[in-house]
Amino acid sequence: HIGAFKYGIWNIHPGELPENRGRHPISWSFLNGRKQFCVSVHGIDEEIDRGYLLAKGYIHRDLNDTHREIEDKMEKLLESKLLKEAVDNYFTGDKRKLGKGCYHKNLIDKFNSISPESHDSRFVFHLFKSQAKYGGINIKGKQYTDCVFYNEQYPALYRDYDIFICKDGEKIGLKQRGEK
């Protein structure tokens, strides 16, 4: 099918290629604690997230960005310059073959329910930022949609949060869906 199109088939991949191949590249970037996220434009071939790279660009992750904010930043980057750069690179022949890189596994149903006590606080925080778009995380039968680090000096700030102690001894506050 690819050969049926004069200019091939292009894909916008919300991750750095070939380093972040597979499904859920934004979530994997969160889970790996990345501060910088990448969006790649590539011409596809018969392998997943392979082919040739036409352009890629980076955005900075602010601490409280969620999956949705990262997608919004990626869209702005694509609109402002990255798509034009991909077209220009295609027609000037400035494209490079994508290597094998790293293929990340599917995250569907992987973290539907977790125990914060079994993970370090940074992982739990990044997990919540990556899964907010998908309705949050189930913990002990409750659906939580927000995670913050707990500061002992300001306990009144956490009235609407359930407090958990993570594997690394740090406290986090988790808020259920719909709570203000």
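Let us look at the structure shown here. (Residues numbered from 1 in each chain as written. Predicted model: local features only at pLDDT ≥ 70, side-chain atom pairs only at ≥ 80, totals over all residues. Heavy atoms only, no water.)

Taken together, four strands build an open sheet; the order of strands is β1-β3-β4-β5 and the sheet is antiparallel. Each of the sheet's edge strands pairs with one partner strand only, and the pair in question is β1 (10-13) and β5 (96-97). Where strand β4 (residues 52-60) meets β5, two bridges bridge the pair, whose relative direction is antiparallel. Looking across to β5, one finds that Tyr52 is bridged to Lys97. Contacts from helix α2 (residues 67-92) reach β1, β3 (36-43) and β4, with the element oriented near 150° to β4. (Pairing = 2+ DSSP bridges. Helix = DSSP H or I, 4+ residues; strand = E, 2+ residues; numbered from the N terminus. Contact = heavy atoms within 4.5 Å. Axes fitted to C-alpha atoms, helices over the stretch in contact; angles between N-to-C directions.)

Pairing is antiparallel in the open sheet, where four strands are placed in the order β7-β8-β10-β9. If you trace the sheet from one side to the other, it starts and ends with β7 (137-139) and β9 (162-165), each paired once. Between one strand axis and the next, the sheet turns through 55° on average, direction left out of account. Examined bridge by bridge, strand β8 (residues 142-149) and strand β10 (residues 171-176) share five bridges and lie antiparallel to one another. Bridge pairing in β10 places Val148 opposite Gly173.

The next thing to look at is the pairing of β8. By the bridge criterion, three bridges tie β7 to β8 in an arrangement that is antiparallel. Directly across from Ile137, in β8, lies its bridge partner Tyr144. Linking two consecutive strands that pair antiparallel, namely β7 and β8, is a turn of two residues; a positive phi of about 50° is found at Lys140 within it.

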